[in-house]
Amino acid sequence: MTLEYIILGLYFLILFGIGYFASKKIHSIEDYYVGGKKLNFWIVAFSSRATGESAWLLLGLTGMGAVAGISAYWVVLGEVIGVSVAWFFMAKPFKHLTDQYNSITIPDYLVSRFNSKTNFLRATAATTLALFVVIYVSAQIDATGKAFETFLDIDYYTGAIVGFVIVVAYIFTGGFVAVAWSDVFQGALMFAGLVILPIVGLFAFEGGLFSSLSKVDPDLLDIWGSGGLTFFNVATIMGFLFIGLGFMGSPQIFVRFMSIKSEAEIKKGRWVAILFTLLADIGAVTIGLIGRILFTESGADPELALGISGENVLPMLVENLMPAIVVGIYIAIILSAIMSTIDSLLVVASSAITRDFYQQIFRPDLKNDNLSTLSRKVTLLLAFSALGIAMLVAILSPTRTIFWFVIFGWSGIAATFCPVIILSLFWKSYNENGALASMISGFLSVPIFKFLVPLLPGVGKYFVQMDVMFPSFVIAFVFGFIFTKMNGASAN
């Protein structure tokens with residue numbers, strides 16, 4: 001246990017060091033929010049993938065592999081498609097336009113793209129972004145507490161607060177530069193951990209992976225899920241596939257395309273991002289499958305050993321297969337997945353409140369040079385709000401799962417912004433009224449499809465399995481199309 005604490009301490013020291021040295025690079029608000037728009041493809045590719053995956057990948061997707069079997073590989077396909085579309089078809093035009101408009105936030109881009117004459121578009125974008133970011137960050141803080149509790153037997157609440165303090169400290173000093181550099185370090189840890197563990201795990205039992213799974217439960221080998229090709233399972237698979245939609249415009253990911261130094265760097269970075277996604281996601285699901293085999297063969301009840309949601313599979317597999325020094329490294333890997341997402345989200349939300357709300361709407365006379373201090377204060381306020389929500393959810397919902405808690409926040413951000421970003425890049429006639437309709441309808445659809453639609457008799461259970469991402473996207477696209485057609489062509 002002492003060795004694990006030492007490794008964890010070294011990990012935190014590296015993060016603090018990154019924050020300190022990054023602070024020397026902060027000379028303007030553009031540096032604080034988008035790294036001065038001069039980051040190379042390696043940093044942007046690793047940073048975007050580390051941010052896009054979060055605790056959901058290491059604890060949620062591994063757990064889904066343990067519970068669902070090989071049908072969880074549909075998530076891999078959905079994510080690879082989403083990342084590929086973003087990097088191949090959206091990144092370059094988005095980078096070109098944001099440079100042309102001199103945008104440093106997503107609301108900046110939207111206001112310029114639609115030549116908005118009022119503050120309503122900017123205020124709507126900033127408000128919705130801040131709200132769902134706080135929810136998403138609270139899910140990551142929740143995962144931090146669970147990670148400390150599982151690995152180190154530290155009280156959940158103490159672990160959540162310790163992780164929270166560390167990540168806020170290095171963001172507070174270094175802004176986006178610290179976030180991007182730390183994401184490269186943390187992303188490399190995540191990638192290595194997800195590739196190495198399944199390779200080690202495959203040597204831990206006799207026979208092949210799939211033949212061993214068949215002995216545990218033949219349904220785990222059905223690509224359609226338990227019971228085969230049914231409407232219920234199709235809905236589940238759609239939910240898995242459409243998780244990848246969130247990579248096509250989510251602000252915490254697309255702000256990285258603003259930060260890259262040139263469009264030429266995007267061509268290099270796309271393959272790094274896609275390979276990272278493919279191998280890391282396959283590794284995550286495979287870890288879940290191996291864990292299901294090993295703990296069933298040991299005579300343990302998988303629901304008790306791994307948890308009903310399977311979220312204990314990676315920690316337990318590491319503790320059973322790896323020496324103590326490696327266990328400490330894997331604790332750092334899990335925290336890397338969590339913190340690389342928290343830091344990015346807080347910087348994005350801080351920029352929305354500070355620049356897009358306060359400066360652009362209420363204090364247009366305020367110079368950019370005066371925003372850095374305020375941005376740090378807003379970052380703290382948002383972080384403490386997320387911490388409060390995480391603590392409240394932990395008390396009110398002790399049976400919650402990381403997979404779906406994170407997906408709710410992820411879906412909220414994605415449904416609000418991705419349809420708007422997609423349509424703004426590929427439909428010239430798309431206008432401000434259409435964008436507002438897309439944002440508002442996407443934002444409202446997420447809680448409606450999460451909490452109300454599942455109550456409908458007959459069809460509700462299918463929407464539960466499909467989850468909120470796809471139907472919310474459809475609603476946002478439809479409303480955007482209708483309101484654009486009703487109000488004429490775009491001003492741009």
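Keep in mind that what you see is a predicted model, and the values were worked out from it rather than measured. (Residues numbered from 1 in each chain as written. Predicted model: local features only at pLDDT ≥ 70, side-chain atom pairs only at ≥ 80, totals over all residues. Heavy atoms only, no water.)

**Student:** Give me helix H14 (residues 324-362): which residues, what numbers.
**Tutor:** Its 39 residues place the ends of H14 54 Å apart at the C-alpha level, agreeing with the 57 Å of an ideal helix rising 1.5 Å per residue. When you tally the buried positions in H14, you get 30 out of 39 residues, the bulk of the element. (Helix = DSSP H or I, 4+ residues; strand = E, 2+ residues; numbered from the N terminus. Expected span 1.5 Å × (residues − 1). Buried < 20%, exposed > 50% of the residue type's maximum accessible area, 1.4 Å probe, protein only.)

**Student:** I'd like a rundown of the packing of helix H8 (residues 209-216) against helix H11 (residues 263-297), residues and numbers included.
**Tutor:** Interhelical geometry of H8 versus H11 gives an angle of 50° and a closest axis separation of 10 Å. In terms of their interaxial angle, H8 and H11 are classed as oblique. Of the two possible hands of crossing, H8 and H11 adopt the one that is left-handed. Facing H8, whose interface residues are Leu209, Ser212, Leu213 and Val216, H11 presents Thr286, Leu289, Ile290, Arg292, Ile293 and Thr296. Taken together, the residues that form the contact of H8 with H11 break down as six nonpolar, three polar and one charged. (Axes fitted to C-alpha atoms, helices over the stretch in contact; angles between N-to-C directions. Parallel < 35°, antiparallel > 145°, perpendicular 65-115°, else oblique. Left-handed = near helix turned anticlockwise from the far one by under 90°. Contact = heavy atoms within 4.5 Å. Nonpolar A, V, L, I, M, F, W, Y, C, P; charged D, E, K, R; others polar.)

**Student:** Break down the side chain of Asp142 for me, citing the residues and quoting the values.
**Tutor:** Its place among the elements puts Asp142 in helix H6 (residues 120-152). A relative accessible area of 0% means that Asp142 is categorised as buried. Here the side chain of Asp142 touches Tyr156 through a polar contact of 2.5 Å, side chain to side chain. (Polar contact = N/O pair within 3.5 Å; in protein donor to acceptor, adjacent residues only side chain to side chain.)

**Student:** Report on the packing of aromatic side chains, specifying residues and quantitative values.
**Tutor:** Applying the stated rule across the entire model yields 29 aromatic pairs. Consider the rings of Trp87 and Phe257, whose centres lie 4.9 Å apart with planes at 90°: the pair is edge-to-face. With Trp87 in helix H4 (residues 73-101) and Phe257 in helix H10 (residues 251-259), the pair connects residues that are 170 residues apart, well separated along the chain. The exposure classification of Trp87 matches that of Phe257, with both residues buried. Summarising the aromatic geometry, the rings of Phe114 and Tyr430 are spaced 5.5 Å apart at their centres and angled 75° between planes, so their arrangement reads as edge-to-face. You can see Phe114 sitting in the loop between helix H5 (106-113) and H6 and its partner Tyr430 sitting in the loop between helix H16 (402-426) and helix H17 (432-452), a full 316 residues away along the chain. When sorted by exposure, Phe114 lands in the same class as Tyr430, which is buried. Of the aromatic side chains, those joined through ring pairs into one cluster are Trp87, Phe94, Tyr101, Tyr109, Phe254 and Phe257. Directly above the ring of Phe247 sits Arg49, whose terminal nitrogen or CZ lies 4.6 Å from the centroid. (Phe/Tyr/Trp six-rings, centres within 6.5 Å; stacked < 30°, edge-to-face > 60°. Lys NZ or Arg CZ within 6 Å of the ring centre and 35° of its normal.)

**Student:** Describe the pattern of salt bridges, listing the residues and the values that go with them.
**Tutor:** Enumeration according to the criterion identifies 10 salt bridges in this entry. Among the salt bridges present, the one from Arg122 reaches Asp356, with a minimum N-O distance of 2.5 Å. Here Asp356 lies in helix H14 and Arg122 lies in helix H6, a separation of 234 residues in the sequence. Comparing Arg122 with Asp356, the two get one shared label, buried. For Lys450, the salt bridge goes to Asp467, with nearest N and O atoms at 3.4 Å. Taken together, the residues Lys450 in helix H17 and Asp467 in the loop between helix H18 (460-466) and helix H19 (469-486) connect sequence positions 17 residues apart. For Asp467, a relative accessible area of 8% puts it in the buried group. One network of salt bridges, in which partners are shared, links Asp108, Arg122, Arg355 and Asp356. (Salt bridge = Lys/Arg side-chain N within 4 Å of Asp/Glu carboxyl O.)

**Student:** How would you sum up the environment of Ser336? Please name residues and give values.
**Tutor:** Inspection of the secondary structure assignment puts Ser336 in helix H14. The sequence separation of Ser336 and Leu58 amounts to 278 residues, and the corresponding C-alpha distance is 9.9 Å. Those residues in contact with Ser336, other than ones at most four positions away along the chain, are Tyr11, Gln186, Leu189 and Met190.

**Student:** Quick one: what's the story with helix H3 (residues 41-68), residue by residue and with numbers?
**Tutor:** An ideal rise of 1.5 Å per residue puts 40 Å on 28 residues; H3 reaches only 35 Å between its terminal C-alpha atoms. Considering bend angle alone, the principal kink of H3 is centred on Glu53 and spans about 70°. For H3, the N-terminal capping position is held by Asn40, with its side-chain oxygen 3.1 Å away from the main-chain nitrogen of Trp42. Looking at the residues trailing H3, positive phi occurs at Gly69, about 80°. (Bend = angle between axes of the 7 residues up to and from the residue.)

These values are about where atoms sit, not about what they do.
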